Amino acid sequence: MATAIVFLPLIAAIIVGLFGRTLGDRASQLITTGAVLVSAILSVLVFKDVALDHHTSTVTLLKWIDTGPLTVDWAIRLDTLTAVMLLVVNGVSSMVHVYSIGYMSHDHSKPRFMAYLSLFTFAMLMLVTADNLVQMFFGWEGVGVASYLLIGFWYDRPSANAAAIKAFVVNRVGDFGFSLGIFATFFMFGTLQFDQVFAAVPGAVGKTFEFLGYHVDALTCTSILLFIGAMGKSAQLGLHTWLPDAMEGPTPVSALIHAATMVTAGVFMLCRLSPMLEYSQDALNVVVVIGGTTAIFAASVGMAQNDIKRVIAYSTCSQLGYMFFAAGVSAYPAAMFHLATHASFKALLFLGAGSVIHAMSGEQDMRKMGGLWKLIPVTYVLMWIGNLALAGIPPFAGYFSKDAILEAAYAAGTPVGYYAYWLGIAAAFLTSFYSWRLLFMTFHGKSRADHHTLEHVHESPSVMVVPLVVLALGAIFAGWIGVDHFIGEDMGEFWGKSILMLDTHQGLAHRDEIPPLMSYMALIVGVAGIVLAWIFYVVSPGLPGAFTKAAKTLYEACLNKWYFDEIYDFLIVKPSMWLGWGLWKGGDGMIIDGLGPDGVAAVTRGLSRRASRLQTGYVYHYAFAMLIGVLCLVSWYLLSQR
Amino acid sequence: MILSALAFYLFAGIAVLSGLMVITARNPVHSVLFLILAFFNAAGLFVLLGAEFLAMILVVVYVGAVAVLFLFVVMMLDINFAALRRGIRQHLALGLAVGIVLLAELVIVVGAWAVAPEVAAHTAPIVNSAVTATNTQALGAILYTRYIYAFEGSGLILLVAMIGAIVLTHRARAGVRRQVISKQISRSRAETIEVVKVPTGHGI
Amino acid sequence: MMPVPDLIPALPELFLAVAAMVLMMVGVFRADRTSAVVSWLAVLALIVDLVLINRGPLARTVTFNGMFVTEQFAIFMKSLIVVGSAVSIVMARQYNERNRVDRFEFPILILFATIGMQAMVSANDLISLYIGLELQSLSLYVLAAFKRDTVRSTEAGLKYFVLGALSSGMLLFGASLIYGFAGSTNFDQLAKVLSSEAGLGSIGLIIGVVFLSVGLAFKCSAVPFHMWTPDVYEGAPTPVTGFFAVAPKIAALSLFLRVMIEPFGHLVHQWQQIIWAISLASMVLGAYAAISQSNIKRLMAYSSIGHVGYALIGLAAGSAEGVRGVMVYLAVYLVMNLGAFSVILCMERRGESVEEISDLAGLSKSQPMTAAALAIFMFSMAGVPPLAGFVPKFIVFMAAVHAGLIWLAVLGILASVVGCYYYIRVVKLMYFDTPAEALDPTAGGNAVRFVTAVTAVIILLFILIPGPLLATAEAAAASLFQG
């Protein structure tokens, strides 16, 4: 069954990818969507079997690599962590497949799109079911490729190509860390299979590498290297720049890959590696700091964006920060819980935004929207649900997971825990502010669109609305359905051995013991954010302008994403370009080509001309050449004998 | 012994000198004449070695035939030797250098000549000089027996040389009157002589 | 009185000599169509000769007072030479007729050259070596100048003659040094002398071997004694060039092999250096100089220089494996070159022979089969597997590696990479360039076309059944090391 879940999307992708043109649009959509829907249904069954009835297992498919000390199998590891991810991935993926049928109805290459989506789903499933680091890396790179293909799906747009390349290249940086982490793991433990690695970890505490004369704690180093991989994929601060640009892809792609599933791979990885991370306090602290900073940073940028999808993209980035610092304070269940709930409400928001864009004939700038709520009421309601969940207003899903994360961070009682907590609270305030900013700018006030666009505004077809409704149900109910199992009393039993939390890291279990004010803080600032947004954008629309003038520097910084792209451009891209140009023209063109192919060819021609010029046609020249030859040989022997 | 040594150095010295003159003389006819002189001296060296038959052959064949042929060729063909020598100055230094180095090396090599004891066994004369009195007899005895292969092979080479000379130079020219002896002999009186009756006092 | 020597081992040579003289009489006394009759009779004589060669004694047999030797090695090499000569006579027929050089002396001279070459292969004495060499050379000088009405042919003959005389002089000088220092001209005696300590240490002997090698290197046109080759190949009539490219090369190389292995086998560490140097120089010069040639016969000249370089690698190895490599190389080289020259002989435009490489442009359109055959020969010469040319190259390189001459093998492979360029340029011209004025489709005649077809098939399919040739060559190479 697990095998079917993983490989059905692959089969569908291959069939549609190869024969899409022959099959036609309709058949392609049916095959891929059908395959993923079946996978989703099977995932529910697997979830019940594995997560609720605790039948964990590992299915070995075949031997992959067997070279002396290194043995790697293709295997499907089924435990609660995997089951949750299967449910999330297949659930969102199937909804996105269905949604795409409607959203992409005007596109010319539907089969290609559907094939990519299914390919992505397969790679993601491969990633979450991996039984060892190499297989995980395979899935990791697979989703990277699929993401590249989908961001650049409209390959006739230069900006889409640039964004695709950017996503791929930035991810390579993270992947480089990941692969170094894999090497380090193999170096330390001699195996890459999870169970064997985890069993060996406690014995490796305190070991050191010697690197350039420094003694580096081996476990911390390995963990941080792997974490760098997670940072790249999950767009954490520093490696986040690709995510907003990735919005160049079609909106369903943004919903599936850049909100619900792929970007959460990093969080999943941290949880999967919890038995390793737990033994390295330093690595955990790094995770917390990076996560907390990302949360507030992305939220601040989100406030100033005007592109509806970019707002949600930064929101995603920010929420991923929450999940990371949750993992960093050892609240892995909370991280996973937030991952699951976030998947449903963020997919809902993206698809809702897609519905808006669809209605506005492709317009994404919120400054050109407004007053849409009467025209597309269903989408409006669904966006409200999504935003409420995102802002953490009870009883929506986000409330349960986000609150748990913040409480766990406070309850951890460490300095980095408090750091994360306060930044998280601030980010929560900003989150609700920009969410309602989005809502008010899009749906309320006077319309700023030209009337030609307005004439065409229409509610989306049911094939797009139904997935939204399903996801909305998730956004409403996922929280209180899952709270007991994921982070409540049944937590230990539910997760089983898939997540390890040392006794010294029990912030999550003790979150009821924190001061009441601290636990209500998130809710208070959430509501405050909504109110502020209401004042700014509904009551007195002149305020934002006045405010931006008053705090111009701050606003500019937020609008320009804290100048990350510019800094990178200056520090890395430009020097790389110069270096690349220099190596190309100077190194490759002059030295390699000059001495290599071109040079050899030129020398060959020159020698050839010279060799044939020896042939003068005069007999006495020839005779003289012979004499010189004789002389050389005779001299050679005389000299070598003496 | 002193006399034979003196004779050797005389012949050898003149041979080398005349060899030098062959290549340096301005007039090609002089060159050929010096060549003949060199041949004569070589024949003298043969006589000193007791090979009087070879000495005579050398004089008869080389001086009597080859060198005289050369002389005819040189005199008949109007070759501008001065033009041929024009480039010699620019090549002279290099050519001399190569020649001198090669010569020096060969002197070193030949100077180190020493016959190993095993070798001496092979150098014993093939023909017992006591049995055959003269050179000519001794050569005749081995030429058609021991060296028959080389002898016949040389014969083939000469045959090829002859064929080659004919192939490359012989042409059947039209309009050349040849003497055909069989035709001359087989002519009957009837086709040669016509008897004409001439009336007396009239002339033909 | 001495007994009459055993004539049976030399039967093929005796037969051929008598046949040549009889044919000469036929040529002189027959009135019409003499050259055709003499040519076909000469081919017949060569076929009989081939049979006689192969029916000769397999074991090593020495006769004529140690001057003449025959064994499997000699049988192998002579067979190759005879095949080369016979095919050359056949291929020359139509060319000679068209170019008004159709004289009966042509096949006769080839017969005499063949006798000389057979004598070279069987030489067991420095004297018989020289006689065989001169018999061959003299015939070749005349053949080179055979088209006596054209300046280029005459010039080719004269150049070849003058330089050949110089090389003969050096060879004789070497021989006399060897005689002076070793006391014998017989190969068996020399080997005996050199097996002792005193004989080995003599510098004069080594210099003698150097001069001898120079003479031999001239005959197989190894660098730096190759200068005559391009000019003579270009100037000589095309069938003669084809003949030059195969039979004399084989004879000279087998003589080289025999001289180096049999009498001077004990000096292997001394002469290995000479062979190493001239082998490398030949490969490199053959590869580089060929690139800028525009005349296909000059191209083939440099190609043959390069091939001699590769074959000499096998000799440089100094082992039975290397000798076997040389033998296989020569066998394959014979077939490739006959094929290539059969195509060159077909290059005619409006009844006139053309020799520029650029004349081949677009041949694949006008004569697809001929173009395919030439492409096969070119790829084979470049050593591209699975064509026949790859196998011997591989063997000699392996032999060099086993003999510790790794650098020679590496440089040889590099040179063959450069060599690929000009071989494949011909293919590119035929297949990808815009056609020049088409060549006459029927030029060359049936006999030549037949040779093209047969050689192409052999080159193409050799890889399927290489066994017989390899096994024969192995036995023949082993026979050289017995004596």
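These numbers come from a predicted model, not from an experiment.

J.: I'm lost on the overall build of chain C in this one. Help?
T.: In terms of regular secondary structure, chain C is built from 20 helices and 4 strands. Looking at the 483 residues of chain C, the share that counts as buried comes to 67%. In chain C, the proportion of contacts linking residues at least 24 apart, taken out of those at least 6 apart, comes to 81%. Carbon and sulfur atoms make up 69% of the accessible area of chain C, which totals about 15,400 Å².

J.: I tried to follow the packing of helix α4 (residues 110–128) of chain A against helix α5 (residues 133–151) of chain A on my own but got confused; where do I start?
T.: Helix packing geometry: the angle between the two helix axes and the distance between the axes. All names here are of chain A. Interaxial distance between α4 and α5 falls to 7 Å at its minimum, and their mutual angle equals 160°. In terms of orientation, α4 and α5 fall into the roughly antiparallel class. As α4 runs across α5, the sense of the crossing is left-handed. Within the contact between the two elements, α4 uses Phe113, Tyr116, Leu117, Phe120, Phe122, Ala123, Met124, Met126 and Leu127 and α5 uses Gln135, Met136, Phe138, Gly139, Trp140, Gly142, Val143, Ala146, Leu149 and Leu150. A class-by-class count of the residues in the contact of α4 with α5 yields 16 nonpolar, 3 polar and no charged.

J.: How should I be thinking about the pairing of strand β4 (residues 214–217) of chain A in this particular structure?
T.: Regular strands show a simple pattern: their side chains alternate between the two faces of the sheet. Of the pairings in the sheet, the one linking strand β3 (residues 208–211) of chain A to β4 of chain A comprises 4 bridges and is antiparallel in character. The residue of β4 of chain A that forms the bridge with Glu210 of chain A is His215 of chain A.

J.: Any chance you could explain the interface of chain C and chain A here in plain terms?
T.: Frequently, the measure chosen for interface size is the accessible area removed from exposure when the parts meet. Chain C puts 34 residues into the contact, and the matching count from chain A is 24 residues. Summed over both sides, the interface of chain C with chain A buries roughly 2,500 Å², with 76% coming from carbon and sulfur. On the chain C side of the interface with chain A, the three residues burying the most area are Ile203, Met227 and Tyr288 of chain C, jointly 23% of the side's total. Applying the counting criterion to the chain C and chain A interface returns 0 salt bridges. Seen at the junction of chain C and chain A, the total is 6 residue pairs in polar contact (both at pLDDT 80 or more). Among the secondary structure elements, those contributing two or more residues to the side of chain C that touches chain A are α6 (151–182), α9 (203–219), α10 (228–235), α12 (268–291) and α13 (296–317) of chain C. For the side of chain C that touches chain A, the element with the most residues is α12 of chain C, which contributes 8 residues. A per-class count over the side of chain C that touches chain A returns 24 nonpolar, 6 polar and 4 charged.

J.: Help me understand the side chain of Arg77 of chain A, please; the structure alone is not making it clear to me.
T.: Residues and elements named next belong to chain A. For Arg77, the position within the fold is in strand β2 (residues 70–78). The buried category is assigned to Arg77, whose relative accessible area is 9%. At 3.0 Å, the side chain of Arg77 and the side chain of Asp195 are in polar contact. When neighbours within four sequence positions are excluded, Arg77 is seen to be in contact with Ser57, Thr58, Thr82, Thr129, Ala130, Asp131, Gln193, Phe194, Asp195 and Arg272.

J.: How should I be thinking about empty space enclosed by the protein in this particular structure?
T.: Any empty space left between the atoms is revealed when a probe the size of a water molecule rolls over them. Scanning the entire structure with this criterion turns up 10 cavities of 30 Å³ or more. In terms of residue count, helix α18 (residues 406–432) of chain C provides more of the lining of the largest cavity than any other element does, 5 residues in total. Of the residues assigned to the lining of the largest cavity, the class counts are 8 nonpolar, 6 polar and 1 charged. Its volume calculated, the second largest cavity comes out at about 50 Å³. For the lining of the second largest cavity, the secondary structure elements donating two or more residues are α14 (308–328), α16 (377–391) and α18 (415–443) of chain A. Taken together, the residues of the lining of the second largest cavity sort by class into 7 nonpolar, 3 polar and no charged.

J.: Any chance you could explain the nonpolar core here in plain terms?
T.: What tends to happen in soluble globular proteins is that the nonpolar side chains get buried as a cluster. With 223 residues, the main nonpolar core has Met77, Ile207, Phe256, Phe264 and Trp271 of chain C as its most contacted residues. No other element matches helix α14 (residues 320–345) of chain C, which puts 18 residues into this core. Sequence-distant contacts of Ile207 of chain C, that is, excluding residues within four places in its chain, are made with Val634, Tyr637 and Leu638 of chain A, Leu106 and Val109 of chain B together with Leu177 of chain C. With 204 residues, the next largest nonpolar core counts Ala326, Tyr332, Ala389 and Met491 of chain A among its residues.

J.: Whenever I open this one, the interface of chain B and chain C confuses me. Can you help?
T.: Facing the 32 residues of chain B at the interface are 44 residues of chain C. Taken together, the two surfaces of chain B and chain C that pack against each other cover about 3,200 Å², and 78% of this comes from carbon and sulfur. Counting across the interface, chain B meets chain C through 1 salt bridge. One salt bridge connects Arg171 of chain B with Asp149 of chain C, and the closest N-O pair in it is separated by 3.4 Å. Taken together, the connections running from chain B to chain C amount to 5 residue pairs in polar contact (both at pLDDT 80 or more). Elements with a minimum of two residues in the side of chain B that touches chain C: α5 (88–111), α6 (117–122) and α8 (148–169) of chain B.

Rules behind the numbers
Residues numbered from 1 in each chain as written. Chains lettered and ligands numbered in written order. Predicted model: local features only at pLDDT ≥ 70, side-chain atom pairs only at ≥ 80, totals over all residues. Heavy atoms only, no water. Helix = DSSP H or I, 4+ residues; strand = E, 2+ residues; numbered from the N terminus. Buried < 20%, exposed > 50% of the residue type's maximum accessible area, 1.4 Å probe, protein only. Contact = heavy atoms within 4.5 Å. Areas by Shrake-Rupley, 256 points an atom, 1.4 Å probe, with all protein chains shown as cover. Axes fitted to C-alpha atoms, helices over the stretch in contact; angles between N-to-C directions. Parallel < 35°, antiparallel > 145°, perpendicular 65-115°, else oblique. Left-handed = near helix turned anticlockwise from the far one by under 90°. Nonpolar A, V, L, I, M, F, W, Y, C, P; charged D, E, K, R; others polar. Pairing = 2+ DSSP bridges. Buried area = accessible area lost by both parts, 1.4 Å probe. Salt bridge = Lys/Arg side-chain N within 4 Å of Asp/Glu carboxyl O. Polar contact = N/O pair within 3.5 Å; in protein donor to acceptor, adjacent residues only side chain to side chain. 1 Å grid on protein atoms, 1.4 Å probe; cavity = no way out; pocket = protein on both sides within 12 Å on 5 of 7 lines; lining within 4 Å. Points joined across faces, edges and corners; volume = space filled by probe spheres on them. Core = buried A, V, L, I, M, F, W, Y, C linked by side-chain atoms within 4.5 Å.

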